[in-house]
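Chain residues, written in single-letter form:
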Amino acid sequence: MAAIRIDPVTETDPARLPAELGFGKYFTDRMYSQRYSAQAGWHDASIGPYQPLVLDPAAQVFHNGQMIFDGTKAYRRADGGINLFRVEQNAERFNRSAERMGMPTVPVADHVAAIETLVGLEHRWVPHQPDAALYIRPVMIASEKALAIRAPQECLHYIILSPVAPYFAGGFAPVAVYVSHEYVRAVRGGTGEAKTPGNYAGSIKATEIAIAKGYQQVLWLDAVERRYVDEVGAMNIAFVYQDGRLRTPALSGAILHGVTRNSVLTLAQDLGIETSEERIDFLEVLADIASGRITEMFGMGTGAVIAPVGRLCYQDRDIVLNGGEPGPVARRLYDELTGIQFGRLPDRHGWTRQVRVGQGA
Ligand code: COI
């Protein structure tokens with residue numbers, strides 16, 4: 001495993017953070033980085049001060065958008081320790097995104113060791129308040145100076161940390177989603193299942209429309225028929241049926257392989273809930289909400305955790321779900337998932353690992 005150089009850093013005091021953390025507003029004192037070149041592979045791994053990057057204006061990232069990221073979290077356990085959750089899955093997804101964008105992969109053990117070491121050094125920044133966590137944001141950019149549309153010969157991999165509340169203010173409070181029929185997010189065979197900024201950049205115009213109409217997020221339909229449910233801006237989506245079933249769109253190539261999505265499916269099965277991953281016709285969803293067959297709808301993501309959907313807008317019709325309140329199945333799954341993440345419930349799937357404070361890996 002590649003050695004990580006630890007550079008001196010002037011520490012600040014996380015106790016000075018406001019009680020309302022929001023999402024991605026505050027960052028810790030340190031960051032991890034390593035460089036890649038086609039000749040030398042990954043090298044120069046270090047943890048040093050969080051600081052601006054110096055990049056050539058001709059770096060490929062600025063011209064081709066060759067950049068990927070991921071998101072995972074460190075959780076404060078009730079006994080004071082720190083849990084990471086399924087961090088290997090995030091490292092593997094990071095590599096799938098890298099491959100899709102023609103970028104080099106990072107050995108999973110090195111990526112996980114980088115996270116463990118960084119979080120171990122920044123342990124004071126893992127929040128103590130309920131539902132808050134330390135968000136871990138690994139990034140890779142093509143740093144080669146070249147106006148050339150091809151695989152980069154040089155890259156930078158870095159990891160930053162941000163103490164956060166759940167992505168949606170109010171934590172488990174229901175969100176309102178706007179179904180876009182004008183814009184699409186991704187098409188099968190495109191980059192929709194990679195965690196690459198272009199997918200998010202392309203979603204902003206529709207999100208602004210949603211926000212102007214009083215909704216928080218966009219629900220994307222498939223790009224070809226504009227009929228089947230893909231995902232919501234910052235999360236995968238699931239529907240709960242009156243007969244107890246839970247359905248979520250299948251991984252079609254156009255939607256993100258959510259680690260939270262996968263965890264929720266497993267936990268639902270543990271609770272005896274029948275689950276299915278399939279193509280979900282949005283017109284059927286509308287009919288099933290109207291008839292009461294669909295009782296709940298919720299989003300799933302690392303940032304969002306489990307976010308109940310209280311309201312939906314489709315072609316200027318406002319549709320309320322479960323009286324605009326979080327439903328019992330979302331609540332149960334939220335309690336189960338966060339119980340494991342924060343170490344309150346037994347980790348029967350071996351999803352968590354504790355970070356060694358002060359030194360990490
Ligand atoms: C995450 O949940 O980690 C994401 O990357 C989504 C982001 C909008 C917070």
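Each residue is numbered by its place in its chain's sequence as written, counting from 1. Only residues with pLDDT of at least 70 get local features here, since the model is predicted, and only at 80 or more are side-chain atom pairs given and counted; chain-wide, interface and lining totals rely on the full set of residues. As a rule here, side-chain values come from all non-hydrogen atoms in the structure, and water together with hydrogens is ignored.

Student: What am I meant to see in the pattern of salt bridges here?
Tutor: When the charged atoms of two side chains with opposite charge come close together, those side chains can pair. Salt bridges, as used here, are contacts in which a Lys or Arg side-chain nitrogen is within 4 Å of a carboxyl oxygen on Asp or Glu. Under the counting rule described, the total for this entry stands at 24 salt bridges. We note a salt bridge from Asp-56 to Lys-145, for which the minimum N-O separation is 3.7 Å. Here the residue Asp-56 occupies a position in the loop between β3 (41-49) and α1 (60-64), and Lys-145 occupies one in the loop between β7 (133-142) and β8 (154-164), the gap between them amounting to 89 residues. With its nearest N and O atoms 3.8 Å apart, the salt bridge here joins Arg-279 to Glu-225. Placement of the pair is Arg-279 in the loop between β14 (275-278) and α7 (282-291) and Glu-225 in the loop between β10 (217-221) and β11 (229-232), with a sequence separation of 54 residues. A single network of salt bridges, built from pairs that share partners, joins Glu-11, Asp-29, Arg-30, Glu-122 and Arg-124. By definition, any uninterrupted DSSP run of H or I lasting at least four residues is a helix, any uninterrupted run of E lasting at least two residues is a strand, and each is numbered from the N terminus.

Student: Sorry, what's going on with the packing of helix α2 (residues 87-100) against helix α3 (residues 108-121) here?
Tutor: Angle between the axes and distance between the axes are the two parameters that describe a pair of packed helices. For helices, the fitted line uses only the C-alpha atoms of the stretch in contact; every axis is such a line through C-alpha atoms, and the angle between N-to-C directions lies from 0 to 180 degrees. Direction vectors running N to C along α2 and α3 enclose 125°, while the axes themselves pass 9 Å from each other. In terms of axis orientation, α2 runs oblique to α3. Regarding α2 and α3, the two cross each other, and that crossing is right-handed. Packed against α2, whose contacting residues are Val-87, Glu-88, Ala-91, Glu-92, Phe-94 and Asn-95, the element α3 presents Val-108, His-111, Val-112 and Ile-115 at the interface. The nonpolar class holds Ala, Val, Leu, Ile, Met, Phe, Trp, Tyr, Cys and Pro. Asp, Glu, Lys and Arg form the charged class, and all remaining residues, Gly among them, are polar. In terms of residue class, the contact of α2 with α3 is built from six nonpolar, two polar and two charged. When describing relative orientation, an angle under 35 degrees is termed roughly parallel and one over 145 degrees roughly antiparallel, while 65 to 115 degrees is termed roughly perpendicular and anything else oblique. Each crossing is labelled by how the near helix is turned from the far one, with a counterclockwise turn of less than a right angle marking it left-handed and a clockwise turn marking it right-handed. Contacts are residue-level and defined by heavy atoms, with any inter-residue pair within 4.5 Å sufficient.

Student: Explain the site of the ligand here, please?
Tutor: Throughout, the term near means that a residue has one or more heavy atoms lying within 4 Å of the molecule or strand in question. Phe-23, Phe-69, Gly-71, Tyr-135, Arg-137, Tyr-167, Lys-195, Ala-234, Thr-302 and Gly-303 make up every residue found near the ligand. Contacts described as polar in this section are N or O atom pairs within 3.5 Å, which, within protein, must combine one atom able to donate a hydrogen with one able to accept it, while residues neighboring in sequence count only if both atoms come from side chains. One of the side-chain nitrogen or oxygen atoms of Tyr-135 is found 2.6 Å away from an oxygen atom of the ligand. In this description, accessible areas are obtained by the Shrake-Rupley approach with a 1.4 Å probe, and a residue is regarded as covered only by the protein chains that are shown. In isolation the ligand offers 280 Å² of accessible surface; the protein chains occlude 91% of this area. Across the shell around the ligand, the residue classes break down as five nonpolar, three polar and two charged.

Student: Explain the domain arrangement of the protein here, please?
Tutor: As a measure of interface size, the accessible area lost when the parts come together is often cited. The domain boundaries here were taken from an automatic or database domain assignment. We note that the domain assignment places domain 1 (5-165) and domain 2 (175-326) within the protein. On a C-alpha basis, the centroid separation for the pair domain 1 and domain 2 is 27 Å. On the side of domain 2, 17 residues touch domain 1, which itself brings 19 residues to the contact. Ranking the residues of domain 1 by area buried against domain 2 places Phe-69, Arg-93 and Arg-100 at the top, with a combined share of 39%. The interface formed by domain 1 and domain 2 contains zero salt bridges. The interface formed by domain 1 and domain 2 contains nine residue pairs in polar contact (both at pLDDT 80 or more). Among the elements of the structure, β4 (67-69), β5 (72-76) and α2 are those that each provide at least two residues to the side of domain 1 that touches domain 2. For the side of domain 1 that touches domain 2, the residue count by class is seven nonpolar, six polar and six charged. The quantity reported as buried area is the accessible area (1.4 Å probe) lost by two parts once they are put together, taken as the sum for both.

Student: I'm lost on helix α8 (residues 328-341) in this one. Help?
Tutor: Every α-helical turn comprises 3.6 residues, leaving residues that sit three or four positions apart pointing alike. What a helix should span is 1.5 Å times the count of its residues minus one. With 14 residues, α8 extends 20 Å from end C-alpha to end C-alpha; this agrees with the ideal 20 Å at 1.5 Å per step. With a 1.4 Å probe rolled over the protein chains alone, any residue whose accessible area is under 20% of its type maximum counts as buried; one over 50% counts as exposed, and the rest are partly exposed. Every buried residue belonging to α8 is among Ala-330, Leu-333, Tyr-334, Glu-336, Leu-337, Thr-338, Gly-339, Ile-340 and Gln-341, and all of these are buried.

Student: Can you walk me through the packing of helix α6 (residues 259-270) against α8 in this structure?
Tutor: At a minimum axis distance of 10 Å, the contact between α6 and α8 shows a crossing angle of 110°. Considering their axes alone, α6 and α8 lie roughly perpendicular with respect to each other. For the pair α6 and α8, the sense of crossing is right-handed. Taking contact as the criterion, the partners of Thr-260, Ser-263, Val-264, Leu-267 and Ala-268 in α6 are, on α8, Leu-333, Glu-336, Leu-337 and Ile-340. By residue class, the composition of the contact of α6 with α8 is six nonpolar, two polar and one charged.

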